[in-house]
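Report on the structure
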There are 2 protein chains.
Amino acid sequence: MSAAIKLGDEELTQRQQDVLDIALSLLVEVGDKLTMTGVARRARCSKESLYKWFGDRDGLLTAIVQWQAAKVRPVPLGPQRMSIEALQANLERFAYDWLKVISGDISVALNRLAITHAGPLSNLGHTVLTNGRFAVGKRLKPLLKAGRGAGLLRFDDEEEAFRTFFGLVLRDVQIRLLLGDEFELSDQDVIRDAKRATEQFLKLYGA
Amino acid sequence: MSAAIKLGDEELTQRQQDVLDIALSLLVEVGDKLTMTGVARRARCSKESLYKWFGDRDGLLTAIVQWQAAKVRPVPLGPQRMSIEALQANLERFAYDWLKVISGDISVALNRLAITHAGPLSNLGHTVLTNGRFAVGKRLKPLLKAGRGAGLLRFDDEEEAFRTFFGLVLRDVQIRLLLGDEFELSDQDVIRDAKRATEQFLKLYGA
DNA sequence: AAGGAACCGTACCGTACGGTTCGGTAAATG
DNA sequence: CATTTACCGAACCGTACGGTACGGTTCCTT
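Procedures and definitions
- Residues numbered from 1 in each chain as written.
- Chains lettered and ligands numbered in written order.
- Predicted model: local features only at pLDDT ≥ 70, side-chain atom pairs only at ≥ 80, totals over all residues.
- Heavy atoms only, no water.
- UniProt positions renumbered as here; feature names shortened; annotations may be inferred.
- Helix = DSSP H or I, 4+ residues; strand = E, 2+ residues; numbered from the N terminus.
- 1 Å grid on protein atoms, 1.4 Å probe; cavity = no way out; pocket = protein on both sides within 12 Å on 5 of 7 lines; lining within 4 Å.
- Points joined across faces, edges and corners; volume = space filled by probe spheres on them.
- Nonpolar A, V, L, I, M, F, W, Y, C, P; charged D, E, K, R; others polar.
- Near = heavy atom within 4 Å.
- Polar contact = N/O pair within 3.5 Å; in protein donor to acceptor, adjacent residues only side chain to side chain.

Turning our eyes to something else, we now look at the UniProt feature "DNA-binding region" (unreviewed entry) in chain A. Per the UniProt record, "DNA-binding region" (unreviewed entry) is found at residues 35-54 of chain A. The distance from the first to the last C-alpha atom of residues 35-54 of chain A is 14 Å, and the span holds 80% helix and 0% strand.

With that out of the way, let us pick up unusual backbone geometry. Residue and element names in this part refer to chain A. Phi is positive for Arg44, which is not a glycine, with a value near 55°. Despite not being glycine, Arg171 has its phi angle at roughly 45°, a positive value. Looking at the secondary structure, you find Arg171 in the loop between helix 8 (158-170) and helix 9 (173-178).

This paragraph deals with empty space enclosed by the protein. All told, the structure shown has 2 cavities of 30 Å³ or more when counted by the stated rule. Looking at the largest cavity, its volume works out to about 130 Å³. Forming the walls of the largest cavity are 13 residues, and the residues nearest its centre are Arg171, Gln174 and Ile175 of chain A together with Arg171 and Ile175 of chain B. Here the lining of the largest cavity is composed, by residue class, of 8 nonpolar, 2 polar and 3 charged.

Before going further, it helps to examine the protein's contact with DNA strand D. Arg15 and Ser49 of chain A together with Thr35, Lys47 and Glu48 of chain B are the nearest of the 15 residues found near DNA strand D. The sugar-phosphate backbone supplies 57% of the atoms of DNA strand D found within 4 Å of the protein. Glu48 of chain A places a side-chain nitrogen or oxygen 2.9 Å from a base nitrogen of DNA strand D. One of the side-chain nitrogen or oxygen atoms of Thr35 of chain B is found 2.7 Å away from a phosphate oxygen of DNA strand D. Sorting the residues of the surface near DNA strand D by element identifies helix 3 (47-54) of chain A together with helix 3 (47-54) of chain B as the ones contributing at least two each. A class-by-class count of the residues in the surface near DNA strand D yields 5 nonpolar, 3 polar and 7 charged.

Right, dumping it as structure tokens:
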């Protein structure tokens, strides 16, 4: 019995996890032209195994998305004593990590995939939203509330505050990348953007 | 000879324009499952005509995007005397129109289409970016510069200022809609969002 | 009225790909 | 050793769809 990792209701053997990683890398390369035969060839497994493990093509795509989502473990921001410096540093770190993820090849590929198959039928979009936009909100809100509790921030609706932070951090970056605009975003740029977004957010919501 | 409208290097007869409108409405319904046979049936034309007019499927999709883009004529903001009230009103109107377009079915469908076919091969993404994100920037920047010229705004880089406005207005709306999150956005919401984004922008960049 | 251009409707072709089946193999199980 | 399990590789099937061909119709021009 191999080491099994739970994913949703299922368990994944090591072999299956490896196949999903390979499928993900192939997805980044070829986008929505990902084919079952292609995955089987790249992963050196049979199509029969793919169908046995994941049901059908949609099941494989869902598994890829969920598998990637499961790998993104939230870095717990320790409930340190909240000073303005700590708040600012945490916000900057948050913005930096987030921008890095969003501008990465994997994020672009998965979001494209989910958008392509968006609709009432597929739940890929829902999965991506849950593990992206909403997961980030869930992680950021405690920080915002702590800041408010310490008298450093002022806002009525934490959801509104979070969405503003969202806009200030990502701006047009995600949509441009999704549409294929190949624009450079160096590590220095990301650092600068994270600082700027944090400053602007504090100017808007600072007490 | 029918009335011909220039689109790129080509001219479009009335019949072809009608077909493109029908194809666009069908695209909104079925998304990327748009098929040549389906367009021909809905438009009551032959596939042969579609291929004669648009070359191939990609040509049809490109024509749809360009045709819609050609319909969006920029509403010239008259160069009135720039007061803080006029600036604020113009920004609000800008944000309102923009948010309305982005949250509309047509915009969602076209952006999904372009994202699906994004890559070095297709220029759909480029077309959408040019007629969306960049066209808006081109229209907004004169207003921003006028505001700065009148001593109402303060910024070094107009591109940066515009991108911040972008983020404050759209926030997470576009990506959520693209991913299939069906969330209500009433006209009252749009009005409120436009006001809020404008206030925040003025707080950040007001002199 | 005659001729032709444009077009409709439909049948048809080729191919790509999702999904299935099957023979063969290696490792666990007893 | 015999059996089961899991898997690989490859051949195969069905279908959807992009693209083409062609006969028939409408309409415009001369």
